[in-house]
Amino acid sequence: MDKRRNKKYSNNWNNQKKNEAHQKDFSEKTKVFQFNKAAYEDAAAEKERVAAIQEVKARSIVCPVCNQPITDIASAMSDKTSGQPVHFDCVLNQIKESEHTGENEKISYIGQGRFAVLYFENPRDQRHFTIKKVIEWENRDQKPEWRDEISGLYSKVN
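Conventions used here
Residues numbered from 1 in each chain as written. Predicted model: local features only at pLDDT ≥ 70, side-chain atom pairs only at ≥ 80, totals over all residues. Heavy atoms only, no water. Pairing = 2+ DSSP bridges. Helix = DSSP H or I, 4+ residues; strand = E, 2+ residues; numbered from the N terminus. Buried < 20%, exposed > 50% of the residue type's maximum accessible area, 1.4 Å probe, protein only. Contact = heavy atoms within 4.5 Å. Polar contact = N/O pair within 3.5 Å; in protein donor to acceptor, adjacent residues only side chain to side chain. Salt bridge = Lys/Arg side-chain N within 4 Å of Asp/Glu carboxyl O. Patch = residues over 30% accessible without salt bridge, like charges linked within 9 Å, V, L, I, M, F, W, Y side chains within 5 Å. Areas by Shrake-Rupley, 256 points an atom, 1.4 Å probe, with all protein chains shown as cover. Axes fitted to C-alpha atoms, helices over the stretch in contact; angles between N-to-C directions.

What to know about the pairing of strand β3 (residues 105-111)
Two faces belong to every sheet, and in a regular strand the side chains alternate between them.
So, step 1. Here β3 runs beside strand β4 (residues 114-119); their pairing, made up of six bridges, is antiparallel. Within β4, the residue paired with glycine 111 across the bridge is arginine 114.
So, step 2. Between β3 and β4, which follow one another and run antiparallel, lie two residues, and glutamine 112 among them has a positive phi close to 55°.

Take a look at the structure:
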């Protein structure tokens, strides 16, 4: 009877031997440690990337059009002549000065370094328009060095 009692209490609640339960618990803790190590390495790489982005943002870059500092380099555009960063609003103002728009027309950015003169049949309905003219501001084939540096920092794939 005593042997039975000892045997009964040598198992844990789900009838596993204590040693087996200990081995299972130990292997799970080891997996957690390995996962946390990888997460730590990823966090360190992310921290380096964020520091590099902050360093680029801290640089003093002056717009050649208005001679004011560019605070948001990610929204800057490339100057047509020099290729240096220029405020988006400065580019838009230059295009508005050079392009003459008629009644119910508006100049708008349409993406990929392009602007367009839009014609609205009903000026109150901004959803329906016709593109009258496309203005290529940035060359899609050539990326300036400053933009390559920024896009490399912002993307997770280096």
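From this point, things continue past the structure.
Overview of helix α3 (residues 88-98)
So, step 1. Among the residues making up α3, those that are buried are Cys90, Val91, Leu92 and Ile95.
So, step 2. On its buried side, α3 packs onto β1 (77-78), β2 (85-86), β3, β4 and β5 (130-136).

What about the side chain of serine 78?
So, step 1. Assignment of secondary structure puts serine 78 in strand β1.
So, step 2. Look at serine 78 and you get buried, because its relative accessible area is 9%.
So, step 3. Once residues lying within four places of it in the same chain are set aside, the contact partners of serine 78 are Gly83, Gln84, Val86, Trp137, Glu138, Pro144, Trp146 and Arg147.

Quick notes on the side chain of aspartate 125
So, step 1. Along the polypeptide, aspartate 125 turns up in the loop between β4 and β5.
So, step 2. The class for aspartate 125 is buried, based on a relative accessible area of 19%.
So, step 3. Among the polar contacts made by the side chain of aspartate 125, one reaches the main-chain amide nitrogen of arginine 127 at a distance of 3.3 Å.
So, step 4. Reaching out from aspartate 125, the side chain makes a polar contact with the side chain of histidine 128 at a distance of 2.5 Å.

With respect to the pattern of salt bridges
So, step 1. What the rule picks out here adds up to two salt bridges.
So, step 2. Between glutamate 99 and lysine 133 there is a salt bridge, and its shortest N-O distance comes to 2.9 Å. In this pair, glutamate 99 sits in the loop between α3 and β3 while lysine 133 sits in strand β5, placing the two residues 34 residues apart along the sequence.
So, step 3. Between aspartate 125 and arginine 127 there is a salt bridge; the shortest N-O distance is 3.3 Å.

A look at a nonpolar patch on the surface
So, step 1. Taken together, the side chains of Ile110, Phe129, Ile131 and Val134 make up a nonpolar region of the molecular surface, amounting to roughly 320 Å² of accessible area.
So, step 2. Within the element layout of this structure, phenylalanine 129 appears in the loop between β4 and β5.
So, step 3. The class for phenylalanine 129 is partly exposed, based on a relative accessible area of 43%.

Re the sheet that holds β3
So, step 1. With antiparallel pairing, three strands are arranged side by side in an open sheet as β3-β4-β5. The open sheet has two free edges, formed respectively by β3 and β5, since each of these has just one partner strand. Between one strand axis and the next, the sheet turns by 30° as a mean value, whatever way the strands run.
So, step 2. Note: β4 against β5, six bridges, orientation antiparallel. Residue pairing for β5: valine 117 is matched across the bridge by lysine 133.

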